[in-house]
Amino acid sequence: LLPPLPPLGTGTVDMKPPPVGGGGIPPWWIQHRVQPEGPERDMGTWNATTFTEEQQKKFGCDVNGTIVDLEQFSKAIAALSTSPSPVPPGGQPAATSAHATTSIGPPM
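Owing to the predicted nature of the structure, the values given are computational and were not obtained by experimental measurement.

Novice: Before we move on, could you go through the nonpolar core and cite the residues and values that matter?
Specialist: With nine residues, the main nonpolar core is built from W28, W29, V34, F51, F59, C61, F73, A76 and I77. When contributions to this core are tallied by element, the ones reaching two or more residues are α1 (28-31) and α3 (70-81). Examining the composition of this core, we find that three residues originate from one element, α3, more than from any other. Excluding residues that lie within four positions of it along the chain, F51 makes contacts with W28, W29, V34, P36, G38, Q56, C61, D62, V63, N64 and G65.

Structure, rendered in structure tokens:
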């Protein structure tokens, strides 16, 4: 059972954001357009993406993408933000899978 709520006007409310990847927030690698390059791992009814050893060192994460070195992760993400954008100005990103072969928008 949950503990009873404090009376209104007393106590504090914990307003921490949900952990990355939970609560409908995409994981960091999707937010920063990083493609996990490790082999897919069979989890029985679904497949998990994984990160290569090189990516783990670069981003300070483990094989599953969990951040284990925040300083290294922050440096790698900062370097990504200074890289040229993969999307041309006013354009759409290139399709990255066989399922993403059509573009959305008015014909040119």
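Let us keep going from here.
Novice: So, the packing of aromatic side chains: which residues are in play, and what are the values?
Specialist: Considering all chains together, one arrives at five aromatic pairs under this definition. On the numbers, 5.7 Å between centres and 90° between planes, the contact of W28 with W29 is edge-to-face. For the pair shown, W28 and W29 are each scored as buried. Where W29 meets F51, the ring centres are 5.2 Å apart and the plane angle is 75°; that geometry is what we call edge-to-face. With W29 in helix α1 and F51 in the loop between β2 (47-48) and α2 (53-59), the pair connects residues that are 22 residues apart, well separated along the chain. Grouping residues by exposure puts W29 and F51 together as buried.

Novice: Tell me about the side chain of Q55, and please be specific about residues and values.
Specialist: For Q55, the position within the fold is in helix α2. Separated by 2.8 Å, the side chain of Q55 and the backbone oxygen of Q35 make a polar contact. For Q55, the residues in contact, after removing those within four places along its chain, are V34, Q35, P36, E37, G38, T50, G60 and C61.

Novice: Can you lay out the pattern of salt bridges for me, pointing to particular residues and giving the numbers?
Specialist: Applying the stated criterion across every chain, the model contains one salt bridge. Between E71 and K75 there is a salt bridge, with the nearest N and O atoms lying 3.5 Å from each other. Taken as a pair, E71 and K75 lie in helix α3 at a separation of four residues, close to a single helical turn. The exposure classification of E71 matches that of K75, with both residues exposed.

Novice: Provide a residue-level description of the confidence of the model for the protein, including the pertinent values.
Specialist: Per-chain confidence: the protein averages 76 in pLDDT, with 56% of residues scoring 70 or above. For the stretch residues 94-103, pLDDT sits under 50, and the model shows two contacts to residues farther than four places along the chain or on other chains.

Novice: I'd like a rundown of α3, residues and numbers included.
Specialist: Quick reminder: α-helices carry 3.6 residues per turn. Residues three or four places apart thus point the same way. Look at α3: 16 Å from first C-alpha to last across 12 residues, which is about the 16 Å you get at 1.5 Å a residue. Listing the buried residues of α3 in full gives F73, A76 and I77. Down the axis, α3 shows its buried residues gathered within 95° of arc, on one side only. Turned more than 90 degrees off the buried face of α3, the exposed positions are E71 and K75. The N-cap of α3, judged by a side-chain oxygen 3.3 Å from the amide nitrogen of E71 a few residues on, is D69.

Reading the values: the criteria
Residues numbered from 1 in each chain as written. Predicted model: local features only at pLDDT ≥ 70, side-chain atom pairs only at ≥ 80, totals over all residues. Heavy atoms only, no water. Core = buried A, V, L, I, M, F, W, Y, C linked by side-chain atoms within 4.5 Å. Buried < 20%, exposed > 50% of the residue type's maximum accessible area, 1.4 Å probe, protein only. Helix = DSSP H or I, 4+ residues; strand = E, 2+ residues; numbered from the N terminus. Contact = heavy atoms within 4.5 Å. Phe/Tyr/Trp six-rings, centres within 6.5 Å; stacked < 30°, edge-to-face > 60°. Polar contact = N/O pair within 3.5 Å; in protein donor to acceptor, adjacent residues only side chain to side chain. Salt bridge = Lys/Arg side-chain N within 4 Å of Asp/Glu carboxyl O. pLDDT = per-residue confidence, 0-100. Expected span 1.5 Å × (residues − 1). Arc of directions from axis to C-beta.

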